[in-house]
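Single-letter residue listing:
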Amino acid sequence: MKHLVSAALLALASLSAISANAQVTVKDAWARATVPAAKASGAFLRIESKTDARLVGVSSPVGMAELHQMSMQDNRMSMAHVDAIDLPAGKAVQLAPGGYHVMLMGLKRQLKEGETVPLTLVVEQKGGKRDSVEVQVAVRPLTYAPPQHTPPRH
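Each residue is numbered by its place in its chain's sequence as written, counting from 1. Since the coordinates come from a predicted model, pLDDT governs what is reported: local features require at least 70, and pairs of side-chain atoms require 80 or more to be given and counted, while whole-chain, interface and lining totals use all residues. Side-chain descriptors were evaluated using all non-hydrogen atoms of the structure, hydrogens and water having been removed beforehand.

> How do you make sense of the overall build of the chain when you look at a structure like this?
Note on conventions: DSSP H or I runs of at least 4 residues are helices, E runs of at least 2 residues are strands, and numbering of each starts at the N terminus. A count of helices and strands for the chain gives one helix and eleven strands. In the chain, the order of α-helices and β-strands from amino to carboxyl end is α-β-β-β-β-β-β-β-β-β-β-β. Throughout, exposure labels follow a simple rule: accessible area from a 1.4 Å probe, protein chains only, divided by the maximum for the residue type, with under 20% read as buried, over 50% as exposed, and the rest as partly exposed. Across the 154 residues of the chain, 38% fall into the buried class. Here the contacts in the chain between residues at least 6 apart in sequence split such that 66% fall between residues at least 24 apart. Under the convention used here, a 1.4 Å probe and the Shrake-Rupley method define accessible areas, while residue burial counts only the protein chains that appear. Of the roughly 9100 Å² of accessible surface on the chain, a fraction of 56% belongs to carbon and sulfur atoms. By the convention used here, residues are in contact when the closest approach between their heavy atoms is within 4.5 Å.

Printed below as a string of structure tokens:
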């Protein structure tokens, strides 16, 4: 029964999250599981806006959440908080390991494979209007590697 419930939760988490006005969609949302003492993890997703917009915030009840970017400079990895991530109209933006991502810090509990974690994304449209997008993020194993997405050919 436990496996059936876990499978149902994962299926629910894999569905697209859509904002109330259907301007923003989120797909393939996942977070990395943690070991019991870990206080940080990453969450990753594909987000697309029908109009030019910016991802300007994120929150989660499991701990502090921030938008981050990882980059390599002079063979050195660096990670930094970013205030916003541009969402060009009609183009999917990938938040993935090695680039933009959601950093979950000060975790209140272990993130366990098979569960879901709620995230609230804040998207700012042109003109300053902000929408919240609720996402259920599937927790994947520590060793999980997401499938590579290839852009569609036109």
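Back to the write-up after that little detour.
> Even after reading the chapter, I still don't get the packing of aromatic side chains, so can you show me in this structure?
The geometry of an aromatic ring pair is captured by the separation of the ring centres together with the interplanar angle, meaning the angle of the planes. Between rings of Phe, Tyr and Trp, where Trp is taken as its six-membered ring, a pair exists when centres lie within 6.5 Å; planes separated by under 30 degrees are stacked, by over 60 edge-to-face, and by other angles tilted. A full pass over the atoms with the stated rule returns two aromatic pairs. Aromatic side chains W30 and Y144 sit 4.7 Å apart centroid to centroid with 70 degrees between the ring planes, which places their arrangement in the edge-to-face category. Note that W30 is positioned in strand β2 (residues 24-32) and Y144 in the segment after β11 (130-140), a separation of 114 residues in sequence. With relative accessibility at 4%, the residue W30 sits in the buried group. By the ring-pair criterion, three or more aromatic residues cluster together here, those being W30, F44 and Y144. Note on criteria: charge over ring means Lys NZ or Arg CZ within 6 Å of the ring centre, with the direction from the centre no more than 35 degrees off the ring normal. The cationic tip of R140 hangs over the ring face of Y144; the distance from NZ or CZ to the ring centre is 5.4 Å.

> What exactly am I supposed to notice about the pairing of strand β9 (residues 100-105) here?
Every regular strand shows the same layout, with side chains that alternate between the two sheet faces. In terms of residue burial, β9 counts as a mostly covered element, since five of its six residues are buried. We call two strands paired when DSSP finds no fewer than two bridges between them. Here strand β3 (residues 40-49) runs beside β9; their pairing, made up of four bridges, is antiparallel. Across the sheet, residue S41 finds its bridge partner in β9, namely L104. Looking at chain direction, strand β5 (residues 64-73) and β9 are connected through six bridges and run antiparallel. Residue L67 lies in a different strand from β9, and its bridge partner there is V102.

> Help me understand the nonpolar core, please; the structure alone is not making it clear to me.
Looking at soluble globular proteins, one finds that nonpolar side chains tend to be buried together. We call a set of buried Ala, Val, Leu, Ile, Met, Phe, Trp, Tyr and Cys residues a nonpolar core when their side-chain atoms join them within 4.5 Å. Counting 31 residues, the largest nonpolar core has I47, L55, V102, L119 and L121 as the members making the most contacts within it. Setting aside residues up to four positions removed in sequence, L121 forms contacts with V26, L45, I47, L55, G57, V58, D131, S132, V133 and V135.

> Mind showing me how you'd approach the side chain of Q125 here?
Relative to the elements of secondary structure, Q125 occurs in strand β10 (residues 116-125). What makes Q125 buried here is its relative accessible area of 10%. Here Q125 is in contact with Q23, V24, S49, T51, D52, A53 and D131, once residues within four sequence places are set aside.

> Sorry, what's going on with a nonpolar patch on the surface here?
By definition, no residue in a patch forms a salt bridge, and every one has over 30% relative accessible area; like charges are joined within 9 Å, nonpolar side chains (Val, Leu, Ile, Met, Phe, Trp, Tyr) within 5 Å. Put simply, a salt bridge is a Lys or Arg side-chain nitrogen that is within 4 Å of an Asp or Glu carboxyl oxygen. Taken together, M72, M77 and M79 make up a surface patch of nonpolar side chains, about 320 Å² in accessible area. Note on placement: M77 falls in strand β6 (residues 76-81).

> Any chance you could explain the environment of K27 here in plain terms?
Looking at the element boundaries, K27 is found in strand β2. Taking the C-alpha atoms as reference points, K27 and I47, separated by 20 residues in sequence, lie 6.5 Å from one another.

> Honestly, the pattern of salt bridges in this entry has me stumped. Any pointers?
Opposite charge on two side chains makes pairing possible when the charged atoms of those side chains draw close. According to the stated counting rule, one finds five salt bridges in the structure shown. Where K126 meets D52, a salt bridge forms, and the shortest distance between an N and an O atom there is 4.0 Å. Of the two residues, K126 is situated in the loop between β10 and β11 and D52 in the loop between β3 and β4 (53-59); the sequence distance between them amounts to 74 residues. By relative accessible area, K126 is classed as exposed at 66%. Judged by relative accessible area, D52 falls into the partly exposed class, the value being 36%. Here E115 ties to R109 by a salt bridge, and the two come within 2.8 Å at their closest N and O atoms.

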